[in-house]
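Single-letter residue listing:
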Amino acid sequence: MNIVCKTGRVVGGILCGGYGKRLWPLTNAIPKVLLEISDGYTILDRQLNQLKNIGVKDVYLLAGYLHEKIRERYGEEWKELRIHYFVEEEPGGTLYAINNLLRNVETDFYLIMNGDIVTDINLLRMLKNVDENTVSMAITRLKSPYGIVNISENKITGFEEKPELPYYINAGIYVISKKLRDRFLTFQRGDVEKLVFPVLAKEGFLKYYFEKDTLWYSVDSHKDLEVVRKEFLNREDMPWGYVKTIVLTEKYMVRKVYVMEDFSTPTYVHREKDESIHVVSGNGKIFLDGKEIQVKEGDVVRILPGQKHSISASENLVLMEYSTPHLNDRVEVK
């Protein structure tokens, strides 16, 4: 274990024991967490990387169905993460799985994720906001599964394709403090969403964490998986965020770049690529040949071939990069 939170030690836990019945026949032979969202890149690969990138050293996989397939892929160590397993012999609900971790591992905070979510929520930022007297739950805006019809009097005035609704849902990420774990251990089996969270909310011990306009999907069906795979086309996840190619032609390239708050890219230099960076949202700094440039929404910075540069985010930073078409013209400067 190591300290990644200002208030104490943190271990990670991932709920990965479900049957994934709505994803059959894909989940006949492998558990849901091993479904690929891009070539060779599974849902669990991504979650483990997210925990590693914020400094977590020990991750506990709360497994059940086809747990041997998970162990076969990750073993006891994966990319410098120490991997541990708590296996349910028969399903006991999400609370039973979480309690396996709370009961058997001593730490200050437990960062627990549902094993079927794919999200860009900044876990480090979430940890910065925890305290020992409450349980933190990440929430996200509810999206309508259908397009909606706008009406006025007796006429249809327009249509909206699957808009966000004025409601929030559980995003499947929790930070539980050691001080409150006994509230979970009071119960033996069942779902934490039904047995514990409503009580904590009523008594004022449950607080929320929310990030606006952040990618979040729960992979519950074939359609969900198709949507996520489409999102991850031409996308490369990085320890600090991601880069996604939007347009690539013989003449130019457009990429979306996301840098999470409190993270920085390495220092790069391009041999031939000439690029302009447009800040879509957020705040941060661009370091360009030793010069520090503060950037905010609407700013544009040009980076010429041969210029050393890196990007640091003081707030989740979304950028659009417009450049000459040199996709792999990026050399990291040590």
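What you see is a predicted model; the values in this text were computed from it and never measured. (Residues numbered from 1 in each chain as written. Predicted model: local features only at pLDDT ≥ 70, side-chain atom pairs only at ≥ 80, totals over all residues. Heavy atoms only, no water.)

1. A look at the pairing of strand β7 (residues 81-87)
Relative to β7, strand β5 (residues 58-63) runs parallel, the two sharing six bridges. Residue pairing in the sheet places Leu61 in a bridge with Tyr85 of β7. Where strand β6 (residues 77-78) lies against β7, two bridges are found, and the strand directions are antiparallel. The partner of Trp78 across the bridge, within β7, is Leu81. In sequence, β6 turns back onto β7 through a hairpin of two residues, with Lys79 there showing a positive phi of about 50°. (Pairing = 2+ DSSP bridges. Helix = DSSP H or I, 4+ residues; strand = E, 2+ residues; numbered from the N terminus.)

2. Details of a nonpolar patch on the surface
Nonpolar side chains collect at one region of the surface, where Val149, Ile151, Ile156 and Phe159 lie side by side and expose about 470 Å² of accessible area between them. At the level of elements, β11 (148-152) and β12 (155-160) are the ones that each hand at least two residues to the nonpolar patch. Counting through the fold element by element, Ile156 comes out in strand β12. (Patch = residues over 30% accessible without salt bridge, like charges linked within 9 Å, V, L, I, M, F, W, Y side chains within 5 Å. Areas by Shrake-Rupley, 256 points an atom, 1.4 Å probe, with all protein chains shown as cover. Salt bridge = Lys/Arg side-chain N within 4 Å of Asp/Glu carboxyl O.)

3. Quick notes on the pattern of salt bridges
Counted by the stated rule, this structure contains 25 salt bridges. Glu106 serves as the salt-bridge partner of Arg181, at 2.9 Å between the closest nitrogen and oxygen. Here Arg181 is found in helix α5 (residues 181-185), whereas its partner Glu106 is found in the loop between α3 (93-104) and β8 (109-114), with 75 residues between them in sequence. Among the salt bridges present, the one from Lys128 reaches Glu261, with a minimum N-O distance of 3.3 Å. Of this pair, Lys128 sits in helix α4 (residues 123-128) while Glu261 sits in the loop between β18 (253-259) and β19 (267-269), placing them 133 residues apart in sequence. For Glu261, a relative accessible area of 9% translates into the label buried. Each of Arg9, Glu106, Asp108, Lys178 and Arg181 takes part in one network of salt bridges that share partners. (Buried < 20%, exposed > 50% of the residue type's maximum accessible area, 1.4 Å probe, protein only.)

4. Remarks on the nonpolar core
Among the nonpolar cores identified, the biggest contains 57 residues, and Leu48, Val59, Leu61, Ile70, Leu111 and Ile173 are the most heavily contacted of them. Broken down by element, this core gets its largest block of residues, five residues, from strand β23 (residues 309-323). Discounting chain neighbours no more than four positions away, the residues touching Leu48 are Ile14, Val59, Leu61, Tyr74, Trp78, Leu81 and Ile83. (Core = buried A, V, L, I, M, F, W, Y, C linked by side-chain atoms within 4.5 Å. Contact = heavy atoms within 4.5 Å.)

5. Overview of α3
Between its first and last C-alpha atoms α3 spans 17 Å; for twelve residues at 1.5 Å apiece the expected length is 16 Å, and the two agree. Within α3 the residues assigned to the buried category are Leu95, Ala97, Ile98, Asn99, Asn100, Leu101 and Leu102. (Expected span 1.5 Å × (residues − 1).)

6. As for the packing of aromatic side chains
Under the defined criterion, the tally for this structure stands at seven aromatic pairs. Here the aromatic rings of Tyr242 and Tyr258 are separated by 5.4 Å at their centres, their planes lie at 40°, and the arrangement is tilted. With Tyr242 in strand β17 (residues 241-248) and Tyr258 in strand β18, this residue pair connects regions lying 16 residues apart in the sequence. An aromatic cluster is built from Tyr174, Phe184 and Phe197, whose rings are joined through pairwise contacts. The residue whose ring lies beneath Lys21 is Tyr19, and the NZ or CZ to ring-centre distance is 5.6 Å. (Phe/Tyr/Trp six-rings, centres within 6.5 Å; stacked < 30°, edge-to-face > 60°. Lys NZ or Arg CZ within 6 Å of the ring centre and 35° of its normal.)

7. Thoughts on unusual backbone geometry
Most of the time, phi is negative for any residue but glycine, and the peptide bond is trans. Note the cis peptide between Trp24 and Pro25, where omega equals 10°. Topologically, Pro25 is positioned in the loop between β2 (8-16) and β3 (36-38). Notably, Lys79 is not glycine yet its phi reads approximately 50°, a positive angle. Along the chain, the position of Lys79 falls in the loop between β6 and β7. For Lys79, a relative accessible area of 46% translates into the label partly exposed. If you check the backbone angles, Asp289 has positive phi at about 50° while not being a glycine. Looking at where Asp289 falls in the secondary structure, it is placed in the loop between β20 (275-288) and β21 (291-295).

8. Focus: the packing of helix α1 (residues 43-53) against helix α2 (residues 67-74)
Taken N-terminus to C-terminus, the directions of α1 and α2 make an angle of 55°; their axes are 12 Å apart at the nearest point. Between α1 and α2, the crossing angle belongs to the class labelled oblique. Viewed along their axes, α1 and α2 form a crossing whose handedness is right-handed. Between α1, through Leu44, Asp45 and Leu48, and α2, the contact on the second element is made entirely by Ile70, Arg73 and Tyr74. (Axes fitted to C-alpha atoms, helices over the stretch in contact; angles between N-to-C directions. Parallel < 35°, antiparallel > 145°, perpendicular 65-115°, else oblique. Left-handed = near helix turned anticlockwise from the far one by under 90°.)

9. Details of α1
Within α1, nine of the eleven residues are buried, which leaves it mostly tucked inside the rest of the structure. Residues Ile43, Leu44, Asp45, Arg46, Gln47, Leu48, Asn49, Gln50 and Leu51 constitute the buried set of α1. Positive phi appears at Gly55, one or two residues downstream of α1, with a value of about 100°.

10. Regarding the side chain of Asn114
Structurally, Asn114 can be placed in strand β8. Looking at Asn114, the relative accessible area reads 17%, which means it is buried.

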